[in-house]
Amino acid sequence: MNLKDFFIGMSQNQLLNSSAKKYGLKLGAQSVVAGTNVQDMIQSVKELNNTGISATIDNLGEFVTEKEEAIKAKNQILEVIEAIRTNEVDAHISLKPTQLGLDIDYDFCKQNLKEIAYKANEYGIFINFDMEDYDHLKPSFDLLDELSMEFDNLGTVIQAYFYESVKNIERYKDYRLRIVKGAYKEPETVAFQNKKDIDQNFLKLIEYHLLSGKFTSIATHDHHVINHVKQFVKENNIPLDKFEFQMLYGFRKDLQLELAKEGYNFCTYVPFGDDWYGYFMRRLAERPQNINLMVKQVFNKKTNTVLGVAAGAFVLGRLSKKRKK
Ligand SMILES: Cc1cc2nc3c(=O)[nH]c(=O)nc-3n(C[C@H](O)[C@H](O)[C@H](O)COP(=O)(O)OP(=O)(O)OC[C@H]3O[C@@H](n4cnc5c(N)ncnc54)[C@H](O)[C@@H]3O)c2cc1C
């Protein structure tokens, strides 16, 4: 099993996930998660806004299996919408359909999303449906299709690793879309496996939506892609108000600021809440260097959580294997 698969596996571990909720932000997660409550998150958003950066706020949570939990998540998102308005911050919402009950019942999830879309629409706040794994792709698009009949403040994500994304981007060209490489482990029957193919498709999708689509959020930490986009928009006279760059909170902060200072629209994805575990494990899967965030904590503090033990054992295992080579 490689490092990426290991962390993707960890991200789906229910026991570790529920333990993580009890122990607060650990293992370095506090550097990439903007606190566990609305107040701390709003403070972070204000700080970003002061530097000319807008925010897309994610009340962390996913793959919910209990109705009460999905309703709680809905209420928390409604609270965030109120907080955006009350604090007059430049921000919108990112949410995951599985957090709102997609795995429990499609109509129940739709009803939760409808309440959120209604409130956000009233305040002129945009809602992005984050895209999850392949099993949830079609139902998430179905939800978007149905709710778009009533609301025009909705958009979603196109993941470049899926073969069918070329078809989907054409179908959803009149939507505000975030384009990403894709964060979940998917089989080769549905998704490109190698970096070169994913990168190539990523650029193809970005260029298509920049030329033919409504508004494009280019969500990546990859400076090669960012430089390519800068050149592409210049050559094709694409106005600055047709796109933005997005990165995750806590990653490449200097580059985030630099792009904003250069005059590009920039939006930071701001996750917050106690359900940080799956999100954080996917970040570790994406980039082995991110383990630095975690290793520091595991070695410097006596983390007495089950998480600390699991992660520490794994990191030590990897290090000793490396030394043997
Ligand atoms: C705002 C945002 C929203 C997202 N939403 C979704 C979603 O809804 N669904 C989904 O499946 N995925 C989502 N993702 C995750 C995405 O799919 C990728 O898994 C993730 O962004 C990693 O790919 P990357 O393009 O950033 O670069 P990578 O492929 O991880 O890295 C490419 C290169 O960029 C450079 N680089 C990357 N990170 C760093 C760094 N921290 N410091 C220095 N150099 C670096 C390195 O040279 C690296 O080799 C989102 C990502 C972002 C940024």
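Conventions and cut-offs
Residues numbered from 1 in each chain as written. Predicted model: local features only at pLDDT ≥ 70, side-chain atom pairs only at ≥ 80, totals over all residues. Helix = DSSP H or I, 4+ residues; strand = E, 2+ residues; numbered from the N terminus. Buried ≥ 20, exposed ≤ 12 C-beta atoms within 10 Å, placed from the backbone. Expected span 1.5 Å × (residues − 1). Arc of directions from axis to C-beta. Contact = placed C-beta atoms within 7 Å.

J.: What should I look at first to understand unusual backbone geometry in this one?
T.: With the exception of glycine, the majority of residues adopt a negative phi angle, and the majority of peptide bonds are in the trans configuration. With phi around 50 degrees, Phe-63 is a residue other than glycine that occupies positive phi space. For Phe-63, the position within the fold is in the loop between strand S1 (54-59) and helix H4 (67-86). Positioned with a positive phi, Glu-88 is a non-glycine residue whose angle comes to about 50 degrees. Tracing the backbone through its elements, the reader meets Glu-88 in the loop between H4 and strand S2 (91-95). A residue is classified by how many C-beta atoms lie within 10 Å of it, and Glu-88, with 9 of them, is exposed.

J.: Just checking my understanding: could you explain helix H5 (residues 106-122) for this structure?
T.: Structurally, the α-helix is built with 3.6 residues per turn, so residues lying three or four positions apart point the same way. The terminal C-alpha atoms of H5 lie 24 Å apart, and with 17 residues this matches the ideal 24 Å at 1.5 Å per residue to within 8%. Along H5, the residues classified as buried are Cys-109, Asn-112, Leu-113, Ile-116, Ala-117 and Ala-120. Relative to the axis of H5, the buried residues are bounded by an arc of 135 degrees and lie together on one face. When the buried face of H5 is taken as reference, the exposed residues oriented beyond 90 degrees from it are Asp-107 and Glu-122. Taken together, the buried residues of H5 touch H4, S2, strand S3 (127-129), helix H6 (137-148) and strand S4 (154-159). Downstream of H5 by a residue or two, Gly-124 has a phi angle that is positive, lying close to 70 degrees.

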